[in-house]
Amino acid sequence: MMYPKKDLLWIGAVAVLFAALPLLLPRIGSSIPVGTEIMIWGIFATGYNILLGGTGILSFGHAAFFGLSGYATGLLLVKAGMPLPAVIPLAVAASLVAAFLIGALIIRKRGIYFAMLTIAFGQMFYFIASQWNSLTGGLDGLTGFKRTDILGLDLRPEDHFYYFVLGFFVLTLLLVRGLMNSSVGKTLVAIRENIDRSEFLGIDVKKYQHFAFVVSGTFAGLAGSLYVLLLNFAFPELFYWKTSGDAVLMSVIGGMHAFFGPLLGAGVFVFLRDMISTLTPHWALPLGAIFVTFVLFFQKGILGFFERGKNG
Amino acid sequence: MNRRLECRDLVKAFGGFKAVDGMHMTVKKDEIRAIIGPNGAGKSTMFNLLTGFTPATSGKILYRDVDITGSPAYERVKMGFSRSFQTPKIFPELTVRQNVFLAVQAYHSKPFDLNVFKFRDLDLPGKTEELLATFDFTRLADQIAGSLSHGDQRVLEICMAMALEPEVLLLDEPTSGMSENETQKTIDLLMRIYGEAPLMMVIIEHDMRIVKRISHRITVMHQGALLAEGTYEEIEGNEMVRKAYFGEAR
């Protein structure tokens, strides 16, 4: 009801597009890892938008789950020497548990208080990661690991890892769309639209909000684990509030009430950042100006702008 | 089963001010009860306490002889409560049909209900269309709810409240802000709903003609407490009520 059926076709089209992208990217002066990064942020933002666009809750703390899973991935590889097929699920599970516990503590707060608390928790992780030198490598970050192979697939080459991420990426799109089109997803939209009415339809609002928080945190964790594997490096900025802010920005730029909005936002964000940062070291300034323009002139995001009048 | 709604010595204090101050009331099964009283008498606060929208400071609320004073709103809804608000609370950016569908789905779902086969058998879209037709919304079904007239939004809210097939329907000034014509239609609609399947209704209402027409009994509130209770004729003849309420209202 909320997302149209043709979205399934679009997911297929997106999958085909991204499958072909490694052939295209080097030709337009970009590189395969940029495509990998777009998909990773696409996972983060699409999952995050279950909370923001889907349930109407603003969190500035999802970097906590992104970073936690990222560091868990690095630590399990370096310190425990575990194989990748065990590392990724464990790292994602760590984010799920963290999101559940933090969510349980703060989900009863509304609006700005909630957003402030999410920043506080995210920054708490940031300071732990940057101070606990013996475990995390402190501000220098965590190194000394390289992605190897998983179930016979060698992930070391850039293009191999790209297609590995593509699998998770398409799975994420299918799962999130399936969730948002289920009765649970529709209930989340009801909560976004009017909390009081939802409560008086007999919906246990807090439980659903908590659920959305945990699910979005888990996808952030998946993205974080893949991101660290992409870079072979974990660093404190993964936890920084700005990382959460990037997810918010991607959702807003692309359109948080359209299914593909966050993904489009992630694509635009990563691509522009990559392009502009090769031109000038002061890339943050023009990039910021572009984003301000987007937010001012496309108030419902790029997709929202083109779907005006329809229901995202 | 004793389907009686009862409150005893109910108090709601905001700081030092007691908006509801020792209220008593018992409404019987299938009774239509009007709550009247001057502005600030505590009628809406009373509603919020009965429905669990705000917690009571002290006192007791019982339904079916079960103490529900501490139950959250959604649990009371699952017991059969349903309500409207003075300012309609709907899903403003969704269509009328989606609004009603969400209400129908909520009524037929358990928490985190993903049983698609059950939903298919239940035919939620069919039930949605039935309700839309009953409330004369078929023509407006694809409109964005927030773009409806104030009167239509209020009726939509009642429609969503009725989607829950309630035992207890609480309506907070259901016709305020409506035109004469809309008011008539809404009252006719409420009477038709009641006629088809009686249920307990508690209605806050200012318009004494409406009160006279639909309610079985009347509760008069004054300064957060019970001033009088009785049939329309009894209330009309009550000297205290005349002083506190009719005197001001005319």
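Counting starts from 1 at the beginning of each chain's written sequence and moves along it residue by residue. Here chains are named by letter from A upward and ligands by number from 1 upward, in the order in which they appear as written. Reporting in this predicted model follows two pLDDT cut-offs: at least 70 for local features of residues, and 80 or more for side-chain atom pairs to be given and counted; totals over whole chains, interfaces and linings ignore these cut-offs and use all residues.

Let us look at the overall build of chain A. Looking only at helices and strands, chain A features 14 helices and two strands. Only C-alpha atoms enter the radius of gyration, while the globule expectation follows 2.2 Å times N to the 0.38, with N the number of residues. Since a compact globule built from 312 residues should have a radius of gyration of about 20 Å, the 19 Å found for chain A is in line with a globular shape. If one aligns the C-alpha atoms of chain A with their principal axes, the spans along those axes are about 55 × 45 × 40 Å. Between the buried cut of 20 or more and the exposed cut of 12 or fewer other C-beta atoms within 10 Å of a residue's own C-beta lies the partly exposed class, and all C-beta atoms are placed from the backbone. Across the 312 residues that make up chain A, the buried fraction comes to 49%. A sequence separation of at least 24 residues applies to 76% of the contacts in chain A between residues at least 6 apart. A helix here means a DSSP run of H or I that spans at least four residues, while a strand means a run of E at least two residues long, and both kinds are numbered starting from the N terminus. Each residue is represented by a C-beta atom placed from its backbone, and any two residues with such atoms within 7 Å are regarded as in contact.

Residues and elements named next belong to chain B. Taken domain by domain, chain B comprises domain 1 (1-80 + 166-250) and domain 2 (89-165). Put simply, the middle of domain 1 and the middle of domain 2, counted by C-alpha atoms, are 25 Å apart. Each partner contributes to the interface: domain 1 provides 11 residues, whereas domain 2 provides nine residues. Among the secondary structure elements, those contributing two or more residues to the side of domain 1 that touches domain 2 are strand E7 (168-172) and helix H7 (180-196). The element that contributes the greatest number of residues to the side of domain 1 that touches domain 2 is H7, accounting for three residues. Amino acid classes used here: Ala, Val, Leu, Ile, Met, Phe, Trp, Tyr, Cys and Pro are nonpolar; Asp, Glu, Lys and Arg are charged; the rest, including Gly, are polar. Its residues placed into classes, the side of domain 1 that touches domain 2 shows seven nonpolar, three polar and one charged. Note that domain bounds follow an automatic or database assignment of domains.

Let us look at the interface of chain B and chain A. Contact with chain B, which involves 26 residues of that partner, is made by 18 residues of chain A. Among the elements of the structure, helix H2 (73-79) and helix H3 (96-108) of chain B are those that each provide at least two residues to the side of chain B that touches chain A. Tallying contributions element by element places H3 of chain B first for the side of chain B that touches chain A, with seven residues. Considered class by class, the residues forming the side of chain B that touches chain A number 17 nonpolar, four polar and five charged.

pLDDT: the predictor's confidence for each residue, scored from 0 to 100. Of all residues in chain A, 96% attain a pLDDT of 70 or more, and the chain-wide mean is 89. At the level of individual helices and strands, chain A shows its lowest average pLDDT in helix H14 (residues 301-306) of chain A, which scores 78, and its highest in helix H10 (residues 205-231) of chain A, which scores 96.

This brings us to the packing of helix H3 (residues 63-78) of chain A against helix H4 (residues 84-106) of chain A. Residue and element names in this part refer to chain A. Every angle, taken between N-to-C directions, lies between 0 and 180 degrees, and every axis is a line fitted to C-alpha atoms, over only the stretch in contact when it is a helix. Between H3 and H4, the least distance of the axes is 8 Å, while the angle of their chain directions is 145°. You can see that H3 and H4 cross each other, and the crossing is right-handed. The residues of H4 that touch H3, namely those facing Ala64, Phe65, Leu68, Ser69, Ala72, Thr73, Leu76 and Leu77, are Val87, Ile88, Leu90, Ala91, Val92, Ala94, Ser95, Ala98 and Ala99. Grouping the amino acids of the contact of H3 with H4 by side-chain chemistry returns 14 nonpolar, three polar and no charged. Two helices crossing with the near one rotated counterclockwise from the far one by less than a right angle form a left-handed crossing, whereas a clockwise rotation gives a right-handed crossing.

Let us now look at the sheet that holds strand E5 (residues 66-67) of chain B. All names here are of chain B. Here the rule is simple: two strands pair whenever DSSP picks up at least two bridges between them. If you walk across this open sheet you meet the four strands as E2-E1-E4-E5, and the pairing is antiparallel. Each edge of the sheet is formed by a strand with only one pairing partner; in this case those strands are strand E2 (17-27) and E5. Of the strand pairs in this sheet, strand E1 (residues 5-14) and E2 are connected by eight bridges, and their pairing is antiparallel. Opposite Cys7, over in E2, you have Met25 as the bridge partner. Sitting on the sheet, helix H1 (residues 43-51) is in contact with E1, E2 and strand E4 (58-63), with an inclination near 65° to E2.

The next thing to look at is the pairing of strand E8 (residues 200-204) of chain B. Residue and element names in this part refer to chain B. With five of its five residues buried, E8 lies for the most part within the structure. On E8, burial covers both faces: Met200, Val202 and Ile204 on one face and Met201 and Ile203 on the other are all buried. Across four bridges, strand E3 (residues 32-36) lies against E8 in parallel orientation. Paired with Ala34 across the two strands is Ile203, which belongs to E8. Where E7 lies against E8, five bridges are found, and the strand directions are parallel. Across the sheet, Leu170 pairs through a bridge with Val202, a residue of E8.

The next thing to look at is the confidence of the model for chain B. Across chain B, the average pLDDT comes to 90, with 97% of residues at 70 or higher. Two numbers describe this predicted complex: its pTM, 0.90, and its ipTM, 0.91.

This part is about the nonpolar core. Buried Ala, Val, Leu, Ile, Met, Phe, Trp, Tyr and Cys residues whose C-beta atoms connect them within 7 Å together make up a nonpolar core. Among the nonpolar cores identified, the biggest contains 160 residues, and Trp41, Phe44 and Ala223 of chain A together with Val100, Ala103, Cys159 and Ala163 of chain B are the most heavily contacted of them. It is H10 of chain A that provides the largest number of residues to this core, a total of 15 residues. Residues from two domains meet in this core; each of domain 1 (1-80 + 166-250) and domain 2 (89-165) of chain B gives at least three. Sequence-distant contacts of Ala103 of chain B, defined by excluding residues within four places in its chain, comprise Leu201 of chain A together with Met160, Ala163 and Leu164 of chain B.

Once that is clear, we can look at the environment of Leu287 of chain A. Within the secondary structure, Leu287 of chain A sits in helix H13 (residues 284-297). Distance in space between the C-alpha atoms of Leu287 of chain A and Phe297 of chain A is 15 Å, their sequence separation being 10 residues.

Residue and element names in this part refer to chain B. Here we have six strands laid out as an open sheet, ordered E6-E7-E8-E3-E9-E10, and mixed in their pairing. The sheet is open, and its two borders are formed by strand E6 (81-83) and strand E10 (225-230), each paired with just one other strand. On average, each strand axis in the sheet is inclined to that of its neighbour by 20°, with strand direction left out of account. On top of the sheet, H1 reaches E3, E6, E7, E8 and strand E9 (217-222); it is set at about 150° to E7, its chief contact.

Expected helix span is computed as 1.5 Å times (number of residues minus one). With 13 residues, H3 of chain B should cover 18 Å at 1.5 Å per step; its first-to-last C-alpha distance of 19 Å lies within 8% of that length. Within H3 of chain B, the full set of buried residues consists of Val96, Arg97, Gln98, Asn99, Val100, Phe101, Leu102, Ala103, Val104, Gln105, Ala106 and Tyr107 of chain B. Contacts from the buried residues of H3 of chain B go to helix H8 (183-193) of chain A together with helix H5 (124-134) and helix H6 (150-162) of chain B.

Turning to the packing of helix H2 (residues 32-55) of chain A against helix H7 (residues 158-181) of chain A, a few remarks are in order. Residues and elements named next belong to chain A. One can describe the packing of H2 onto H7 by two numbers: an axis separation of 9 Å at closest approach and a directional angle of 15°. In terms of their interaxial angle, H2 and H7 are classed as roughly parallel. H2 and H7 meet at a crossing whose hand is left-handed. Here the contact of H2 with H7 is built from residues that sort into 16 nonpolar, seven polar and two charged. For classification purposes, angles smaller than 35 degrees are called roughly parallel, those larger than 145 roughly antiparallel, those between 65 and 115 roughly perpendicular, and all remaining angles oblique.

So, on to unusual backbone geometry. In this structure, Leu151 of chain A takes a positive phi of about 50° despite not being glycine. With respect to the helices and strands, the residue Leu151 of chain A is situated in the loop between strand E1 (149-150) and strand E2 (153-154). A count of 7 C-beta atoms within 10 Å places Leu151 of chain A in the exposed class. The phi dihedral of Gln223 of chain B is positive, around 50°, even though this residue is not glycine. Along the polypeptide, Gln223 of chain B turns up in the loop between E9 and E10.

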